[in-house]
Amino acid sequence: MKILVFGDSHALYFGMTEQVKRYLKHNIEGIQINNHVYAGGTINGFGRRDSTLGLYDKVLYSIDEFKPDVVCIGFGQVDLELGYYYKKYVKEEDFEFNEWALSTLTVYSNFIKGLGVPVVVKGLNPPVLVSSRNKAINYTRRIITENIKDKSKAKLVINRMKAEFPSDLYRISMTNIFNNHLKTMCSANNWNYFDLHDELTDLNTGMIRSAFIPTKPDHHVIDSIYVRSIFIDKLLDEIKSQLG
């Protein structure tokens, strides 16, 4: 079985190594996973054929070349944790979260419909920028303002973020709402869906477990043999259930 994985930088955990293989619960004999990671890739980039990353054409080319039995697609983390705040604080657009989420997923749905192969869609990971408001604001601010040359404009963005940036619990709820909409979209189109919510979350607090939070300012789950094994096993669980 040939599995082709596409995603933003949060798809790196599907990267297989000989060491990771030893910790998987699944026997992967005869299974080939080809993982394509597009750092900075966004769902909204699919809606722009002239996107800098050219994701639309790259994904279709890779499918044609690799001829997978199934494609796993996992975008949206960058949209929610960076793109959303860029629109809100840098571009100063006025919109409701639910409106933004549904609009973003419309772009996603239209793209996936054109792939022409069986699809498994991965939901978003719970946010790791928790337990430190300053860390969350500073990381997000650094990324979304990196191309602002006007220092006074950047200062306005920072001040507004300090006043308005959502709490940990609110950002967790945003992720859950987005994933619920994504599940609904997948169900309506007969696409399989999975996420790592239960594996990564402390079910008592509703927040990501500290074992998965990096020390450095970053919005990625920590990369480890264990993390990769649970991501790959969950993907294989879903594919095997899809194939019956």
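Because the structure is predicted, anything quoted here is derived from the model rather than measured.

**Q** Looking at this model, I keep getting lost on the environment of Tyr108. Mind explaining?
**A** Within the element layout of this structure, Tyr108 appears in helix α5 (residues 97–113). Taking relative accessible area as the criterion, Tyr108 reaches 0% and is therefore assigned buried. Linking Tyr108 and Asn189, residues 81 residues apart in sequence, is a C-alpha distance of 12 Å. Beyond its immediate stretch of four places on either side in the chain, Tyr108 contacts Ile43, Phe46, Ile73, Gly74, Phe75, Val121, Leu182 and Met185.

**Q** Would you explain the sheet that holds strand β3 (residues 70–74) in this entry?
**A** Strand pairing within a sheet occurs via backbone hydrogen bonds; the two strands may be parallel or antiparallel. Read from one edge to the other, the open sheet built from five strands follows the order β2-β1-β3-β4-β5, with strand pairing classed as parallel. At either end of the open sheet lies a strand with only one pairing partner, and these are β2 (32–37) and β5 (192–194). Between one strand and the next, the sheet's axes are offset by a mean angle of 20°, whatever the strand orientation. Judged from the three bridges that link them, strand β4 (residues 119–122) and β5 form a sheet pairing that is parallel. Residue pairing in the sheet places Lys122 in a bridge with Phe194 of β5. Sheet strands in contact with helix α3 (residues 55–66) are β1 (2–7), β2 and β3, and its direction is about 170° off that of β1. Against the sheet, α5 touches β3 and β4, its axis set at about 165° to β3.

**Q** What am I meant to see in the packing of aromatic side chains here?
**A** We describe a pair of aromatic rings using the distance from one ring centre to the other and the angle between the two ring planes. According to the stated counting rule, one finds 14 aromatic pairs in the structure shown. Summarising the aromatic geometry, the rings of Tyr84 and Tyr85 are spaced 5.0 Å apart at their centres and angled 85° between planes, so their arrangement reads as edge-to-face. For Tyr84, a relative accessible area of 5% puts it in the buried group. Look at Trp100 and Phe178: their rings are 6.1 Å apart centre to centre, the planes differ by 40°, and that puts the pair in the tilted class. Placement of the pair is Trp100 in helix α5 and Phe178 in helix α8 (residues 168–188), with a sequence separation of 78 residues. Owing to a relative accessible area of 6%, Trp100 belongs among the buried residues under this scheme. Cation over ring: Lys2 sits above Phe66, and NZ or CZ is 4.6 Å from the ring centre. The positively charged end of Lys87 is found above the aromatic ring belonging to Phe95, 5.7 Å away from the centroid.

**Q** What exactly am I supposed to notice about α5 here?
**A** For an α-helix the count is 3.6 residues per turn, leaving residues at separations of three or four pointing the same way. Its 17 residues give α5 an end-to-end C-alpha distance of 24 Å, which sits within 8% of 24 Å, the value for a rise of 1.5 Å per residue. Within α5 the residues assigned to the buried category are Phe97, Trp100, Ala101, Thr104, Leu105, Tyr108, Ser109, Phe111 and Ile112. Check the buried side of α5 and you find it contacts α2 (43–46), α3, β3, α4 (77–90), β4 and α8.

**Q** Explanation requested: the pairing of β4 in the structure shown.
**A** Of the two faces of β4, both are covered, the one formed by Val119 and Val121 as well as the one formed by Val120 and Lys122. Where β3 meets β4, three bridges bridge the pair, whose relative direction is parallel. Of the residues in β4, the one forming a bridge with Val71 is Val119.

Cut-offs used in this document
- Residues numbered from 1 in each chain as written.
- Predicted model: local features only at pLDDT ≥ 70, side-chain atom pairs only at ≥ 80, totals over all residues.
- Heavy atoms only, no water.
- Helix = DSSP H or I, 4+ residues; strand = E, 2+ residues; numbered from the N terminus.
- Buried < 20%, exposed > 50% of the residue type's maximum accessible area, 1.4 Å probe, protein only.
- Contact = heavy atoms within 4.5 Å.
- Pairing = 2+ DSSP bridges.
- Axes fitted to C-alpha atoms, helices over the stretch in contact; angles between N-to-C directions.
- Phe/Tyr/Trp six-rings, centres within 6.5 Å; stacked < 30°, edge-to-face > 60°.
- Lys NZ or Arg CZ within 6 Å of the ring centre and 35° of its normal.
- Expected span 1.5 Å × (residues − 1).

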